[in-house]
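Structure assessment
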Amino acid sequence: QQTLSQFNENTLVKGELDLLKEEDIVYKLVGPVLMTVELQDSKDNVGKRLEFIEAEIKKLDTAIANKQGEQTKIGDEIASIQQSMQAEAAAAAKDLIAAK
């Protein structure tokens, strides 16, 4: 969720930077001081940040998909074990009734 909010924020910043003209002044907050930065440098930095965040999102999506696959596999194993236990219990009950 944090990664998605960072992605959205940086996408918004990229959109704002794209609206600026080359002669416009861009400031960057460094500590308590506003420093001027070249527009192209700002665009490059935001672009790199977006690429990094997109890569992180892809990693997270892959990890989530893997965990969901593991969860499904374990769920199937549990269902199979439950079915075999039910079949064994039914067979045991049937043998018990037949023995009487």
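Reference entry: report on the structure contained in this document. Numbering of residues begins from 1 in every chain and follows the order in which that chain's sequence is written. Local features in this predicted model are restricted to residues whose pLDDT is 70 or higher, and side-chain atom pairs enter the listing and the counts only when it is 80 or higher, whereas totals over whole chains, interfaces and linings include all residues. Side-chain numbers come from the whole structure's heavy atoms, not from hydrogens or water.

Right, let's get into the nonpolar core. Residues belong to a common nonpolar core when they are buried Ala, Val, Leu, Ile, Met, Phe, Trp, Tyr or Cys residues joined through side-chain atoms within 4.5 Å. Note on classification: 1.4 Å probe, protein chains only; a residue is buried when its accessible area is under 20% of the maximum for its type, exposed when over 50%, partly exposed between these limits. Counting five residues, the largest nonpolar core is built from L17, V26, L39, V46 and L50. The helix and strand labels rest on DSSP assignments: H or I over at least four residues marks a helix, E over at least two residues marks a strand, and numbering proceeds from the N terminus. Looking at this core, the element that brings in the most residues is helix α2 (residues 39-99), giving three residues. Note on definitions: a residue-residue contact is assigned when non-hydrogen atoms from the two residues lie within 4.5 Å. Residue contacts for L50: discarding those within four places in its chain leaves F7, N10, T11 and K14.

What follows concerns the packing of helix α1 (residues 2-19) against α2. Remark: α1 packs on α2, axes separated minimally by 9 Å, with the N-to-C direction vectors making an angle of 155°. Put simply, α1 runs roughly antiparallel to α2. The chirality of how α1 crosses α2 is left-handed. Along the contact surface, α1 presents T3, L4, Q6, F7, N10, T11, V13, K14, L17 and D18, while α2 presents L39, S42, K43, V46, R49, L50, I53, E54, E56, I57 and L60. Across the contact of α1 with α2, the residue classes break down as 10 nonpolar, five polar and six charged. Orientation is described by lines fitted to C-alpha atoms, with helices fitted over the stretch in contact, and by angles between N-to-C directions that extend from 0 to 180 degrees. Put simply, angles under 35 degrees are roughly parallel, angles over 145 are roughly antiparallel, angles from 65 to 115 are roughly perpendicular, and the rest are oblique. Less than a right angle of anticlockwise turn of the near helix away from the far helix marks a crossing as left-handed, whereas a clockwise turn marks it as right-handed. When residues are sorted by character, Ala, Val, Leu, Ile, Met, Phe, Trp, Tyr, Cys and Pro go into the nonpolar class, Asp, Glu, Lys and Arg into the charged class, and all the rest, Gly among them, into the polar class.

This brings us to α1. For a helix, the expected span equals 1.5 Å multiplied by the number of residues minus one. Helix length check: α1, at 18 residues, gives a terminal C-alpha distance of 26 Å against a target of 26 Å (1.5 Å per residue), a fit within 8%. Against β1 (26-30) and α2 lie the buried residues of α1.

Let us now look at the pattern of salt bridges. Counted as salt bridges are all cases of a side-chain nitrogen of Lys or Arg within 4 Å of a carboxyl oxygen of Asp or Glu. A full pass over the atoms with the stated rule returns three salt bridges. Put simply, E56 and K59 hold a salt bridge, and the shortest N to O gap is 3.2 Å. Placement of the pair is E56 and K59 together in helix α2, with a separation of three residues, close to one helical turn. A salt bridge links E70 to K67, with the nearest nitrogen and oxygen atoms 3.8 Å apart. Here E70 and its partner K67 are both found in helix α2, three residues apart, which amounts to about one turn of the helix. Using a relative accessible area of 43% as the deciding quantity, one classes E70 as partly exposed. Here K67 falls in the exposed class, since its relative accessible area comes to 55%.

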